[in-house]
Amino acid sequence: MKIVAADVIVSSPDRNFVTLKITTDEGLTGLGDATLNGRELSVASYLRDHVAPLLMGRDAHRIEDTWQFLYRSAYWRRGPVTMAAIAAVDVALWDILAKAAGMPLYQLLGGASRTGIMAYGHASGRDIPELFDSIRRHLDEGFRSIRVQTSVPGINAVYGVAAQPSATGQRYDYEPAQRTPLPAEEDWDTRAYLRHLPTVFEAVRAEFGPELPLLHDGHHRMTPIQAAKLGKALEPYDLFWLEDCTPAENQEALRLVRQHTTTPLAIGEVFNTVWDYQTLIREQLIDYVRSAVTHTGGITAMRKLLDFAAQYQIKSGIHGPTDISPVGMAAALHLDLAIHNFGIQEYMKHTPLANEVFRQSFTFTDGYLHPGDQPGLGVELDEEAAARFPYEPAYLPFNRLKDGTVHDW
């Protein structure tokens, strides 16, 4: 079965998505997600101008060989643009293979290891009452695990708090990629954050009890010693995890955090290969792998990464915000269902416009996701609908400290 076409579709139904559609000489098609939030056109060009010509005439069944060819033949390896492009090809080929077999993809990955995939939702608020209302709404929607993000007194805008106004003056309820010609500037004060956050979790635990799994995302803003301090301060509130407590490009920094706290740690949503995790996994410095299938080389690479993590009792926590398209989300769910060391799946519901462009079969019931049993990924692209929503420039914000220094956002 030969590849005869590889088309790159850029569409913006409420936000920008990059989708690769591979077609074979037998008429089967496969989809891959290549979305890189705020840098979408770089991956679209990489695919269209450099990767697609290399795929013509290749055997669609040779998934491992194609992965190695794309990774090694370019000479310049790794990085989010390269790995998102490889991921799109990889997932599209798995989609084709599963369709050819007449099976949902998870069956080709060894079959289901569980009946459902526990998901967590994103609750937030500008104050405690608003946060409580958000948590209750998520519980009413069926979520049984909740990420908690909150505004901080003295800081104008904080990542993950949906009720805050954006640079365009509009509320965002999903991810804060704003349709502006330049990234919006936000402020940050780590000491204020460290003082405030434990009081928030104290209030949440007092209101919702000890059983509800609670998560929090530090979004790379702390130094290692600050992260250690926060992890220790949050221990009484029994977090499911503290995510991205410090930038982890320096993997050894997590040794210091681990020495000072038993709060479980999740890291990796900005990582792209297993090489980013070597020290973290081998020394058991984290508890959950946060990479996205879309940004980490696809199903082929993520399966190997999670098998490596399993040797050290480290579980999956695959990245799943709305800047991962329904195609990327479906790929994650098939992998989640099959692997043994599944932990939890991030889940943000896509907008009605996105669901119009991407017709999907996965379901969310009583706190659990399932990819469905349609052959392949279970997602189809409506290209006519996609064409109605052309690309629009959109950027994530960035942070400055009070003295004007650019800080991690």
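Looking up the protein in an unreviewed UniProt entry gives the name D-galactonate dehydratase family protein, with the organism given as Micromonospora tarensis.

Participant: Is there a simple way to explain the pattern of salt bridges in this structure?
Facilitator: Proximity of charged atoms lets side chains of opposite charge pair with each other. One pass over the structure, following the stated rule, counts 24 salt bridges. Close ionic contact of Glu 185 with Arg 400 constitutes a salt bridge, the shortest N to O distance being 3.3 Å. Of this pair, Glu 185 sits in strand S6 (residues 185–187) while Arg 400 sits in strand S17 (residues 398–400), placing them 215 residues apart in sequence. According to the relative accessible area criterion, Glu 185 is exposed, its value standing at 52%. A relative accessible area of 27% places Arg 400 in the partly exposed class. Notably, a salt bridge pairs Glu 252 with Arg 255, separated by 4.0 Å at the nearest N-O pair.

Participant: Explain the nonpolar core here, please?
Facilitator: When a protein is soluble and globular, its nonpolar side chains tend to lie buried together. One finds Ile 22 and Leu 47 to be the most contacted residues of the largest nonpolar core, which totals 115 residues. Looking at this core, the element that brings in the most residues is helix H3 (residues 80–101), giving 12 residues. If you look at the next biggest cluster of nonpolar residues, it comprises seven residues, including Tyr 120, Leu 215, Tyr 288 and Ile 344.

Participant: Just to check I follow, could you spell out the packing of aromatic side chains for this structure?
Facilitator: Both the distance between ring centres and the angle between the ring planes are used here to describe each pair of aromatic rings. What the rule picks out here adds up to 15 aromatic pairs. Centroid distance Trp 188 to Tyr 193: 5.1 Å. Interplanar angle 50°. Geometry classified as tilted. Across the pair, Tyr 193 and Trp 188 agree in class, each one buried. An aromatic cluster of at least three residues, connected via ring pairs, comprises Tyr 120, Phe 240, Trp 241 and Tyr 288. A cation over a ring is seen here: Arg 58 above Phe 69, with NZ or CZ 4.5 Å from the ring centre. Above the plane of the ring of Trp 188 lies Arg 221, whose end atom (NZ or CZ) is 4.6 Å from the centre.

Participant: Which parts of the structure should I look at to understand the pairing of strand S3 (residues 29–33)?
Facilitator: Within a regular strand, side chains alternate between the sheet's two faces. Among the five residues of S3, four are classified as buried, and the element is accordingly described as predominantly covered. Pairing geometry for strand S2 (residues 17–24) and S3, over five bridges, is antiparallel. Each bridged residue has a counterpart across the sheet, and for Thr 19 the counterpart in S3 is Asp 33. With antiparallel pairing between neighbouring strands as the criterion, S2 and S3 make up a hairpin whose turn holds four residues, including Gly 27 at a positive phi of roughly 85°.

Participant: Even after reading the chapter, I still don't get the sheet that holds strand S1 (residues 3–11), so can you show me in this structure?
Facilitator: Strands belonging to one sheet form pairs held by backbone hydrogen bonds; the direction of such a pair is parallel or antiparallel. Pairing is antiparallel in the open sheet, where three strands are placed in the order S1-S2-S3. At either end of the open sheet lies a strand with only one pairing partner, and these are S1 and S3. Taking each pair of neighbouring strands and ignoring which way they run, the sheet shows an average axis angle of 20°. In this sheet, S2 lies alongside S1 in antiparallel orientation, the contact comprising eight bridges. For Ala 5, the partnering residue across the bridge sits in S2 and is Thr 23. Strands in contact with helix H1 (residues 40–55) are S1 and S2; relative to S1, the strand with the most contacts, it is inclined by about 170°.

Participant: Help me understand the side chain of His 334, please; the structure alone is not making it clear to me.
Facilitator: Mapping His 334 onto the fold places it in helix H11 (residues 326–338). Of note is the side chain of His 334, whose polar atom sits 3.1 Å from the backbone nitrogen of Tyr 106.

Participant: What should I look at first to understand the sheet that holds S17 in this one?
Facilitator: Spatially, S6-S17-S18 is the arrangement adopted by the three strands of the open sheet, whose pairing is mixed. The outermost strands of the open sheet, each flanked by one partner alone, are S6 and strand S18 (406–407). Bridge analysis of S6 against S17 gives three bridges, and the strand direction is parallel. Bridge pairing links Asp 187 to Arg 400 in S17.

Participant: Sorry if this is basic, but what is going on with the side chain of Arg 114 here?
Facilitator: Position of Arg 114 among the secondary structure elements: in the loop between helix H4 (105–108) and strand S4 (117–125). Among buried charged residues, Arg 114 stands out as having no salt bridge; its nearest opposite-charge side chain is Asp 336, 7.1 Å away. Among the polar contacts listed, one links the side chain of Arg 114 to the backbone oxygen of Leu 337, at a separation of 3.4 Å. Non-local contacts of Arg 114, meaning those with residues more than four positions away in its chain, are made with Asp 336, Leu 337, Ala 338, Ile 339, His 340 and Phe 342.

Rules used throughout
Residues numbered from 1 in each chain as written. Predicted model: local features only at pLDDT ≥ 70, side-chain atom pairs only at ≥ 80, totals over all residues. Heavy atoms only, no water. Salt bridge = Lys/Arg side-chain N within 4 Å of Asp/Glu carboxyl O. Helix = DSSP H or I, 4+ residues; strand = E, 2+ residues; numbered from the N terminus. Buried < 20%, exposed > 50% of the residue type's maximum accessible area, 1.4 Å probe, protein only. Core = buried A, V, L, I, M, F, W, Y, C linked by side-chain atoms within 4.5 Å. Phe/Tyr/Trp six-rings, centres within 6.5 Å; stacked < 30°, edge-to-face > 60°. Lys NZ or Arg CZ within 6 Å of the ring centre and 35° of its normal. Pairing = 2+ DSSP bridges. Axes fitted to C-alpha atoms, helices over the stretch in contact; angles between N-to-C directions. Contact = heavy atoms within 4.5 Å. Polar contact = N/O pair within 3.5 Å; in protein donor to acceptor, adjacent residues only side chain to side chain. Lys, Arg positive; Asp, Glu negative; His and termini not counted.

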